[in-house]
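# Architecture at a glance
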Amino acid sequence: MSLTISTNYIKKFVSDEEISNLVPFAQQALKLVLNKNGAGNDFLGWVNLPKNYDKDEFKRIKIAAEKIKKNSDILVVIGIGGSYLGARAAIEFCKSPIYNNLKKDTPDIYFAGNNISTTALSELLSICEGKDISVNVISKSGTTTEPAIAFRVFKKLLIEKYGEDEAKNHIFVTTDKAKGTLKKFSDEAGYETFVVPDDVGGRYSVLTAVGLLPIAVAGIDIDKMMSGACDAMNKFTSDNINDNEAMKYAIIRNVLLRKGKGTEILVGYEPYMLMFNEWWKQLYGESEGKDKKGIFPASVIFSTDLHSLGQYIQDGQRNLFETVINVKNPGAKFVIPEDSANVDGLNFIAGKELDYVNKTAMIATLMAHNDGGVANILLELEDRSAYSFGYAVYFFEMACAISGYILGVNPFNQPGVEEYKKNMFALLGKPGYEDMRDELKKRM
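Quick caveat: nothing in here was measured; it's all calculated off a predicted structure. (Residues numbered from 1 in each chain as written. Predicted model: local features only at pLDDT ≥ 70, side-chain atom pairs only at ≥ 80, totals over all residues. Heavy atoms only, no water.)

## Focus on the packing of aromatic side chains
Geometrically, a pair of aromatic rings is defined through the distance of the ring centres and the angle of the planes. This is how it is decided: Each Phe, Tyr or Trp ring, with Trp reduced to its six-membered ring, pairs with another whose centre is within 6.5 Å; inter-plane angles below 30 degrees give stacked pairs, above 60 give edge-to-face pairs, and intermediate values give tilted ones. Runs of E in the DSSP output that reach at least two residues are strands. Runs of H or I that reach at least four are helices, and both are numbered from the N terminus. For each residue, the accessible area found with a 1.4 Å probe, counting protein chains only, is set against the maximum for its type, and the residue is called buried under 20%, exposed over 50%, and partly exposed in between. Two conditions define a charge located above a ring, namely a distance within 6 Å from the ring centre to NZ of Lys or CZ of Arg, and an angle within 35 degrees of the ring normal.
Tallied over the entire structure, the rule returns 25 aromatic pairs. Considering the side-chain rings of Phe93 and Tyr272, the 5.6 Å spacing of their centres and the 90 degrees angle between planes classify their relative orientation as edge-to-face. Taken together, the residues Phe93 in helix α4 (residues 85-94) and Tyr272 in the loop between β7 (263-268) and α11 (274-288) connect sequence positions 179 residues apart. The class of Phe93 is buried, set by a relative accessible area of 1%. For the ring pair Phe185 and Tyr191, a centre distance of 6.0 Å and an interplane angle of 65 degrees mean the geometry is edge-to-face. For the cation-ring pair, Lys55 lies above Tyr53, with the distance from its terminal atom to the ring centre recorded as 4.3 Å. Directly above the ring of Phe151 sits Lys155, whose terminal nitrogen or CZ lies 6.0 Å from the centroid.

In structure tokens, the structure reads:
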């Protein structure tokens, strides 16, 4: 098994009886997911995706990835939210958070269109000067402000650099299968397109072309990633609580919420977990945060953040709990050297592997936070392989769906995301928003 859950550090906070009491609700929630008859059921394509994905498109993804590897020094991935977080999480998890600085035979990969920063865009354009570039723009509609602005800029750059015809070999579009302005424009321009499935929401889309094309360009084995997700699907669709860690995780979260623990902190002990944590925050924040309900998702990287947020977690308000991901095999070894001067007094750990010290820090922190009144769910992941990444993605997706239904919300919509967009369009002068603009200006 690639992922297991340990309850050793929640025993003081959650009883076996409390878990058992929620099992029928979790089983009913799972049934809603599998039978596709709950709220948001038109966005449940991710459930069987690891088996039922489009095999022909999967082949095209691999071919496109090889093409980009051969003709590009840089791939710019343009997208926001679920259109980029999963791919970036996979690249940093499986490869490195400093992937672009490593010696490698694959292109550098940068992400754009996830903010409206003049500085970030200008700096990326500077990095691209004199380099061969390809672009993968990811947007279902093509009209989302942040990626649309970035695509305007990079499309112009590529056409000026290569000409209209050759630019077609450097622009790849992941969008709606048949409709939308970006799909229509791409077909007319002759760009190769991949599909954002109609029945898979953005935050559940990392195992579609949305995530898989950039991931494949980074040289990550997407076959193994889908294999990990498929094995997770076979396991986490069981209604037996003793076999289904995703169900157990969903139950424990909801028991803790009912005890006033309204904040969950996802804890990684490696820098390569940072973007995985960001992907997780979007998944749970958008899925559960509605109808004035939900657990607030936060994250930290220890031991780094033990020297900042550690004080609050240890001694602050007791309205939170932690979910700790322990990657058992980090994939690298480093032995701490002996120092004859022993100025730092650390010769007592000389000769030990650095990961042993990291794991010891994790255990010490679990105990300390438990003593401070913080429940800790410990998830143990086998390694940082593509297989384990796919497995973990499906685990969290299924747990999120079950948890959302237990909570009584639709885990697959995000109505609140649109509110800031309406205000922004009105204030920027978009046609059709004149009345709203006048009202907003009175409030400024």
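## What to know about unusual backbone geometry
Between Phe302 and the following residue, Ser303, the backbone shows a cis peptide bond with an omega angle of 5 degrees. Tracing the sequence through the fold places Ser303 in the loop between β8 (296-301) and α12 (310-315). The backbone of Lys292 shows a phi angle near 60 degrees, a positive value even though the residue is not glycine. By the element assignment, Lys292 lies in the loop between α11 and β8. Classification of Lys292 by relative accessible area gives exposed; the value is 87%.

## Details of the pairing of strand β6 (residues 192-195)
For clarity, the cut-off: Between any two strands, at least two bridges found by DSSP are needed for them to pair. We call a crossover right-handed when, viewed with both strands directed away from the observer, the connection leading from the first strand over the helix to the second proceeds clockwise.
Two strands pair when backbone bridges link them, and strand β5 (residues 171-175) and β6 are joined in this way by four bridges, in the parallel orientation. Paired with Phe172 across the strands is Glu192, a residue of β6. A crossover connection joins β5 to the parallel β6 through helix α7 (residues 181-189); in handedness this β-α-β unit is right-handed.

## What about the nonpolar core?
Inclusion rule: To define a nonpolar core, start from buried Ala, Val, Leu, Ile, Met, Phe, Trp, Tyr and Cys residues and group those joined through side-chain atoms within 4.5 Å. Two residues qualify as a contact provided that any one of their heavy atoms is within 4.5 Å of a heavy atom in the partner residue.
Judged by nonpolar contacts, the single largest core of 103 residues is most densely connected at Trp46, Met225, Trp279, Phe389, Phe396 and Met398. Among residues more than four places away in sequence, those in contact with Met225 are Ala90, Cys94, Leu207, Leu212, Ile215, Ile220, Ala386, Tyr387, Phe389 and Gly390. Grouped together as the second largest cluster of nonpolar side chains are 20 residues, Ile78, Leu124, Cys128 and Leu182 included.

## Focus: the packing of α4 against α11
Between two packed helices, both the angle of their axes relative to each other and the distance between the axes serve to describe the pair. Applicable threshold: Comment: axis = line fitted to C-alpha atoms, over the contacting stretch for helices; angle = value between 0 and 180 degrees taken between N-to-C directions. Any angle that falls under 35 degrees is termed roughly parallel, while one over 145 is termed roughly antiparallel, one within 65 to 115 roughly perpendicular, and all others oblique. Definitions for this section: a left-handed crossing has its near helix turned counterclockwise from the far helix by less than a right angle. A right-handed crossing has that turn clockwise. Three classes are used, and their members are as follows: Ala, Val, Leu, Ile, Met, Phe, Trp, Tyr, Cys and Pro are nonpolar, Asp, Glu, Lys and Arg are charged, and the others, Gly among them, are polar.
Put simply, α4 and α11 touch, their axes get as near as 8 Å, and they point 155 degrees apart. Taken together, the axes of α4 and α11 lie roughly antiparallel to each other. For the pair α4 and α11, the crossing hand works out as left-handed. Contacts from Leu85, Gly86, Arg88, Ala89 and Glu92 of α4 reach α11 at Met275, Phe276, Glu278, Trp279 and Gln282. A class-by-class count of the residues in the contact of α4 with α11 yields five nonpolar, two polar and three charged.

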